[in-house]
Amino acid sequence: MQIILNNSGVALHDWALDATSPSPYSVSTEEVRPGESGSIIFVADKLGSFTYHCATLGHREYGMQGQIIIAG
């Protein structure tokens, strides 16, 4: 799976799917500056619904999170 993060905001952002949530994955992009893009490629071999988030300090608490569903 490839995740591409296009940062059209005014602050640093990233994308993280990590083992701190009930997830078998621990992957993230580097921090992405405004106007730039970042990506991550990983093998999506575990099925389920997992929470991803922006790991930049305070962003998750402001609601920058969502669900990714990996189905067979």
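For clarity, every value in this text was computed on a predicted model and none was experimentally measured.

Draft legend 1. Summary view of the packing of aromatic side chains. Following the criterion strictly, the structure yields four aromatic pairs and no others. With a centroid separation of 6.5 Å and 25 degrees between ring planes, the pair formed by Trp 15 and Phe 42 is classed as stacked. Note that Trp 15 is positioned in the loop between strand E1 (2-6) and strand E2 (16-17) and Phe 42 in the loop between strand E4 (37-41) and strand E5 (48-53), a separation of 27 residues in sequence. There is no split in this pair, since Trp 15 and Phe 42 are both buried. These aromatic residues form a ring-pair network of at least three members: Trp 15, Tyr 25, Phe 42, Phe 50 and Tyr 52.

Draft legend 2. Looking closely at the environment of Ala 55. Mapped onto the elements, Ala 55 comes out in the loop between E5 and strand E6 (65-70). Its relative accessible area of 45% is what places Ala 55 among the partly exposed residues. Placed 24 residues apart in sequence, Ala 55 and Glu 31 show a C-alpha to C-alpha distance of 8.8 Å.

Draft legend 3. A look at the pattern of salt bridges. Tallied over the entire structure, the rule returns one salt bridge. Asp 45 is paired through a salt bridge with Lys 46; the nearest N and O atoms lie 3.6 Å apart. For Asp 45, a relative accessible area of 48% puts it in the partly exposed group.

Draft legend 4. Region of the structure containing the nonpolar core. Ile 3, Leu 5, Trp 15, Leu 17, Tyr 25, Val 27, Val 32, Ile 40, Phe 42, Phe 50, Ile 68 and Ile 70 form the largest nonpolar core, which has 12 residues in total. Listing elements by their share of this core, those giving two or more residues are E1 and E6. If we skip the residues at most four places from it in the chain, Ile 68 touches Met 1, Ile 3, Trp 15, Leu 17, Gly 48, Ser 49, Phe 50 and Tyr 52.

Draft legend 5. The arrangement of the pairing of E6 in detail. The two faces of E6 differ: Gly 66, Ile 68 and Ile 70 on one face are buried, but Gln 65, Gln 67 and Ile 69 on the other face are not. Pairing between E5 and E6: six bridges, direction antiparallel. Within E6, the residue paired with His 53 across the bridge is Gln 65.

Calculation notes
- Residues numbered from 1 in each chain as written.
- Predicted model: local features only at pLDDT ≥ 70, side-chain atom pairs only at ≥ 80, totals over all residues.
- Heavy atoms only, no water.
- Phe/Tyr/Trp six-rings, centres within 6.5 Å; stacked < 30°, edge-to-face > 60°.
- Helix = DSSP H or I, 4+ residues; strand = E, 2+ residues; numbered from the N terminus.
- Buried < 20%, exposed > 50% of the residue type's maximum accessible area, 1.4 Å probe, protein only.
- Salt bridge = Lys/Arg side-chain N within 4 Å of Asp/Glu carboxyl O.
- Core = buried A, V, L, I, M, F, W, Y, C linked by side-chain atoms within 4.5 Å.
- Contact = heavy atoms within 4.5 Å.
- Pairing = 2+ DSSP bridges.

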